[in-house]
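Per-entry structural report
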Amino acid sequence: SMGKDEVLRGKLVCLRDIPLYKSFVEGWPQVEAFQARHDDLLIATYPKSGTTWLSEILDAIYNDGNVEKCRRDAIYNRVPFLEFNAPAIPSGVELLEKTPSPRLVKTHLPVHLLPASFQEKDCKVIYMARNAKDVVVSYYYFYQMAKIHPDPGTLSEFLQAFMDGKVPVASIPTPASPQDPRREVQKILQFLGKEVAEERVAKILHHTSFQEMKKNPTANYETMPTALMDHSLSPFMRKGISGDWKNHFTVAQNEHFDHHYQQHMAGSDLCFQMEA
Ligand code: A3P
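Within any chain, residue numbers begin from 1 and follow the written order of that chain's sequence. Reporting of local features is limited, given that this is a predicted model, to residues whose pLDDT is at least 70; pairs of side-chain atoms are given and counted only at 80 or more, and all residues count toward the totals for whole chains, interfaces and linings. Here the side-chain values reflect all heavy atoms present in the structure, with hydrogen atoms and water set aside.

Around the ligand sit 17 residues, and of these Thr-51, Thr-52, Ser-138, Lys-239 and Gly-240 come closest. Between an oxygen atom of the ligand and a side-chain N or O atom of Thr-51, the distance comes to 2.4 Å. Polar contacts, as counted here, are pairs of nitrogen or oxygen atoms within 3.5 Å of one another; within protein the pair requires one atom able to donate a hydrogen and one able to accept it, and residues that are adjacent in sequence qualify only if both atoms are side-chain atoms. Between the ligand and Trp-53 there is a distance of 3.4 Å, counted from a nitrogen atom to a side-chain nitrogen or oxygen. Surface exposure here means Shrake-Rupley accessible area, sampled with a 1.4 Å probe, where a residue is shielded only by the protein chains that are shown. Surface burial for the ligand is 95%, taken as the share of its 570 Å² of free accessible area covered by protein chains. Broken down by secondary-structure element, the contributors of at least two residues to the shell around the ligand are α4 (51–62) and α12 (210–214). In this text, helices come from DSSP runs of H or I with a minimum length of four residues, and strands from runs of E with a minimum of two, each type numbered from the N-terminal end. Examining the composition of the shell around the ligand, we find that 3 residues originate from one element, α4, more than from any other. Residues are grouped as follows: nonpolar covers Ala, Val, Leu, Ile, Met, Phe, Trp, Tyr, Cys and Pro; charged covers Asp, Glu, Lys and Arg; every other residue, Gly included, is treated as polar. Its residues assigned to classes, the shell around the ligand comprises 5 nonpolar, 8 polar and 4 charged. Nearness here has a simple test: a residue counts as near a molecule or strand if at least one of its heavy atoms is within 4 Å of that partner.

The contact between α4 and helix α10 (residues 181–192) brings their axes to 11 Å, and the two run at 55°. Looking at the two axes, α4 sits oblique to α10. In this structure, the crossing between α4 and α10 has a hand that is right-handed. When α4 is examined against α10, the residues Trp-53, Leu-54, Ile-57, Leu-58, Ile-61 and Tyr-62 are found in contact with a partner set consisting of Pro-181, Val-185, Ile-188, Leu-189 and Leu-192. Here an axis means a line fitted to C-alpha atoms, over the contact stretch when the element is a helix, while the angle between two N-to-C directions is reported on a 0 to 180 degree scale. Any angle that falls under 35 degrees is termed roughly parallel, while one over 145 is termed roughly antiparallel, one within 65 to 115 roughly perpendicular, and all others oblique. Each crossing is labelled by how the near helix is turned from the far one, with a counterclockwise turn of less than a right angle marking it left-handed and a clockwise turn marking it right-handed. Two residues qualify as a contact provided that any one of their heavy atoms is within 4.5 Å of a heavy atom in the partner residue.

This paragraph deals with the pairing of strand β1 (residues 12–15). On a regular strand, one side chain projects to one face of the sheet and the next to the other, so that they alternate. We treat two strands as partners when DSSP finds at least two bridges between them. One ladder, built from 4 bridges, connects β1 with strand β2 (residues 18–21); its direction is antiparallel. Within β2, the position partnered with Leu-15 by the bridge is Ile-18. The antiparallel hairpin formed by β1 and β2 contains 2 residues in its connecting segment, where Arg-16 sits at a positive phi of about 50°.

Looking at where Arg-238 falls in the secondary structure, it is placed in the loop between α12 and α13 (251–264). One polar contact links Arg-238 to Asp-244, side chain to side chain, over a distance of 3.0 Å.

Take the packing of aromatic side chains next. Pairing of aromatic rings covers Phe, Tyr and Trp, the last counted by its six-membered ring, and requires centre-to-centre distances within 6.5 Å; plane angles under 30 degrees mean stacked, over 60 mean edge-to-face, and any other angle means tilted. A complete count under the given rule lists 18 aromatic pairs for this structure. Seen in terms of ring centroids, Phe-142 and Phe-236 are 5.7 Å apart; in terms of plane orientation they differ by 85°. Their pairing is edge-to-face. With respect to class, Phe-142 is no different from Phe-236; both count as buried. What links up through ring pairs into an aromatic cluster is the set Tyr-46, Tyr-139, Tyr-140, Tyr-141, Tyr-143, Phe-158, Phe-162, Trp-245, Phe-249 and Phe-257. Sitting over the face of the ring of Phe-142, Lys-48 holds its NZ or CZ atom 3.6 Å from the ring centroid. Taking NZ or CZ as reference, Lys-124 lies 5.2 Å from the ring centre of Phe-191, over its face. The classification of residues rests on relative accessible area computed with a 1.4 Å probe and restricted to protein chains. Under 20% of the type maximum is buried, over 50% is exposed, and intermediate values are partly exposed. Two conditions define a charge located above a ring, namely a distance within 6 Å from the ring centre to NZ of Lys or CZ of Arg, and an angle within 35 degrees of the ring normal.

This part is about helix α9 (residues 155–163). By the burial criterion, the buried members of α9 are Leu-155, Phe-158, Leu-159, Phe-162 and Met-163. Buried residues of α9 fall within an arc of 135° about the axis and therefore sit on the same side. Against the buried residues of α9 lie α8 (132–145) and α13. The directions considered for the arc run from the helix axis to the C-beta atoms.

For the rest of this paragraph, the subject is unusual backbone geometry. In this model, Ser-101 is joined to Pro-102 through a cis peptide bond whose omega is 0°. When you line up the elements, Pro-102 lands in the loop between α6 (92–98) and β4 (104–107). Here Pro-168 and Val-169 are connected by a cis peptide whose omega angle stands at -5°. As for its placement among the helices and strands, Val-169 is situated in the loop between α9 and α10. Positive phi is not limited to glycine here, since Arg-16 has a value of about 50°. Here Arg-16 lies in the loop between β1 and β2. Its relative accessible area of 53% is what places Arg-16 among the exposed residues. Phi angles above zero are rare outside glycine, and Asp-122 is one such case at about 55°. Checked against the element boundaries, Asp-122 lands in the loop between α7 (117–120) and β5 (124–128).

Below, the structure is given as structure tokens:
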């Protein structure tokens, strides 16, 4: 198995048709054989789409709005990352096997690579997406601080790699980030068939606000080893807004991106809000 040095700034490798971290591919047999349980809830997103935010909301809902209980452990232990595998840290599958039901499971895998058992057990899935321009900017900063990634180069180079499908997990994200968190939480409660009292919902909304999560060590990834995530390069809880791409894209980059996006998304009726 791999040492830490091989993971840091290592080259991506291909798993079927998607670029992925070498250590994740090494752990793939365990992921493929993963046994879902009927009451697992899968949180599926493209990276940098607000996965941690949605995970914190769901853990708070699963604890009936007793948000203090969400501080019991780091978010990556409360909501294990299915395909995660790196030296010296428990893999997602290892964590999940030890997690009592009902489990929350995070994944960035495209649907065709999901372990078959999720479908066999008819598990519920919440898929969330964010506009691609803010995703790519967020991802650029994440590449810098999370050293499992290769060096991102310049923003211009990174944009091209993103458009070429050369970043995990390749394709541009599809369906919308919670624009109105209260409405989105109500939708989730309805989907789960769960009732949470109004004042508890207010607590959940406060607990999962950007400002609160940014200072919460069980939500902000600051408990990860610095060798893997260096928050001094860019904090995980970076800005938490829509439209930051405007501070980064040149006019030419924006036109190029729009052109690529229109080709890529032709035929899709998905519509994203591109700014607040
Ligand atoms: P930015 O880099 O644009 O700030 P993921 O969890 O999928 O990796 O996504 C990380 C992105 O979600 C980061 O975006 C992060 O700041 C943002 N985020 C996390 N928690 C948030 C919250 N409670 N409210 C708004 N944005 C949040």
